[in-house]
Amino acid sequence: MPGWQEFYEKHKNNNFEILSVAVDVQGMKVAKPFTEGTTFRTLADPDNKLANHFNFSIVPNGIFVDEDGTIRLIKQGFHNHKGEHIEAVEKLIQGKAKIVELDDKYYEPPSHSDLLQKQLAQTKFRLGMEYLRQDRKEEALKELDEALLLDSDNFLIRKQRWYIRYPEKFSPTIDIKWQQQQLEKERQEEAEQTGMVCGPEGCYIPGTEFKK
């Protein structure tokens, strides 16, 4: 967030606003500590609606929308520490480009059968979130576990499972190293069941630069 605050201060007088969206089951009570020191608005999306609409399976992501509501840039795995990402947004702010496309190594259009499977995964995800709101934790986790089996590359589903089972790994700070280790452990277990294997350098958390 500090990086985005710096970017906002630099461009806020150029008819530019930032709206950040936190994808957290527990809503703003979880996201609020990470917004301290920021002056732009942050909303919570506990039902994962934005990610579902744009078919995102990781965080963070970036969407640039102009005054007319036209999307000029959309990038899964958008980072404010990547020069080409920041330059793309600045081109749009300054009117040097009308639309910018960035290569997205994470996204491939799903086949029809894959799409149906992902839709079923999202149905189970929403059911799991409803169980969680009713404080039926075990039933919620059962639905989320089944959702992940249907869409194993969806890091958002995986992360929500972790948050319910291991809340101490997300507050007061997010333990990225633990996430890396947990991801590798789960990937190995999944590989034994499906025959898939991780790469020669191990598993990595999609959308981050962290490797073990």
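Here's a quick rundown of the structure. (Residues numbered from 1 in each chain as written. Predicted model: local features only at pLDDT ≥ 70, side-chain atom pairs only at ≥ 80, totals over all residues. Heavy atoms only, no water.)

For helix H5 (residues 112-133), with 22 residues, the first-to-last C-alpha span of 32 Å sits near the 32 Å given by 1.5 Å per residue. Those residues of H5 that sit buried are Ala 121, Gln 122, Phe 125, Gly 128, Met 129, Tyr 131 and Leu 132. Lining the buried residues of H5 we find helix H3 (49-54), helix H6 (137-150) and helix H7 (155-165). Just beyond H5, the residue with positive phi is Asp 135, at close to 65 degrees. (Helix = DSSP H or I, 4+ residues; strand = E, 2+ residues; numbered from the N terminus. Expected span 1.5 Å × (residues − 1). Buried < 20%, exposed > 50% of the residue type's maximum accessible area, 1.4 Å probe, protein only. Contact = heavy atoms within 4.5 Å.)

Topologically, Asp 45 is positioned in the loop between strand E2 (41-44) and H3. A polar contact is formed between the side chain of Asp 45 and the backbone nitrogen of Lys 49, at a distance of 3.0 Å. Ignoring sequence-local partners within four residues, the contact set of Asp 45 consists of Val 21, Ala 22, Val 23, Asp 24, Leu 50 and Ala 51. (Polar contact = N/O pair within 3.5 Å; in protein donor to acceptor, adjacent residues only side chain to side chain.)

The next point concerns the nonpolar core. Ranked by internal contacts, the top residues of the largest apolar core, which has 14 residues, are Phe 7, Phe 16, Ile 18, Phe 64, Leu 73, Val 89 and Ile 93. Among the elements of the structure, helix H1 (2-11) and helix H4 (83-93) are those that each provide at least two residues to this core. Ranked by residue count, the leading element in this core is H4, at five residues. Every residue in contact with Ile 93, bar those within four places of it in the chain, is listed here: Phe 7, His 11, Asn 14, Phe 16 and Phe 64. By size, the runner-up hydrophobic cluster in this structure holds 12 residues, among which are Ala 121, Leu 132, Ala 147 and Ile 164. (Core = buried A, V, L, I, M, F, W, Y, C linked by side-chain atoms within 4.5 Å.)

Along the chain, the position of Ile 164 falls in helix H7. Its relative accessible area of 7% is what places Ile 164 among the buried residues. Those residues in contact with Ile 164 that lie beyond four places of it in its chain are Leu 132, Lys 137, Leu 141 and Leu 144.

Moving on, we come to the pattern of salt bridges. All told, the structure shown has 16 salt bridges when counted by the stated rule. Of the charged contacts in the structure, one is a salt bridge between Glu 186 and Arg 161, with a shortest N-O distance of 3.4 Å. With a gap of 25 residues between them, Glu 186 in helix H8 (residues 176-194) and Arg 161 in helix H7 connect regions that are remote in the sequence. Accessibility assignment for this pair places Glu 186 and Arg 161 in one class, buried. Note that Arg 187 and Glu 190 form a salt bridge whose closest N and O atoms lie 3.5 Å from each other. Linking Arg 187 with Glu 190, this pair stays in helix H8, spanning three residues, or about one helical turn. Take Glu 190: its relative accessible area is 14%, and that puts it in the buried class. A single salt-bridge network, built from bridges that share partners, covers Asp 145, Asp 153, Arg 158, Arg 161, Arg 165, Glu 186, Arg 187 and Glu 190. (Salt bridge = Lys/Arg side-chain N within 4 Å of Asp/Glu carboxyl O.)

No statement about biological role is implied by the geometric values presented.
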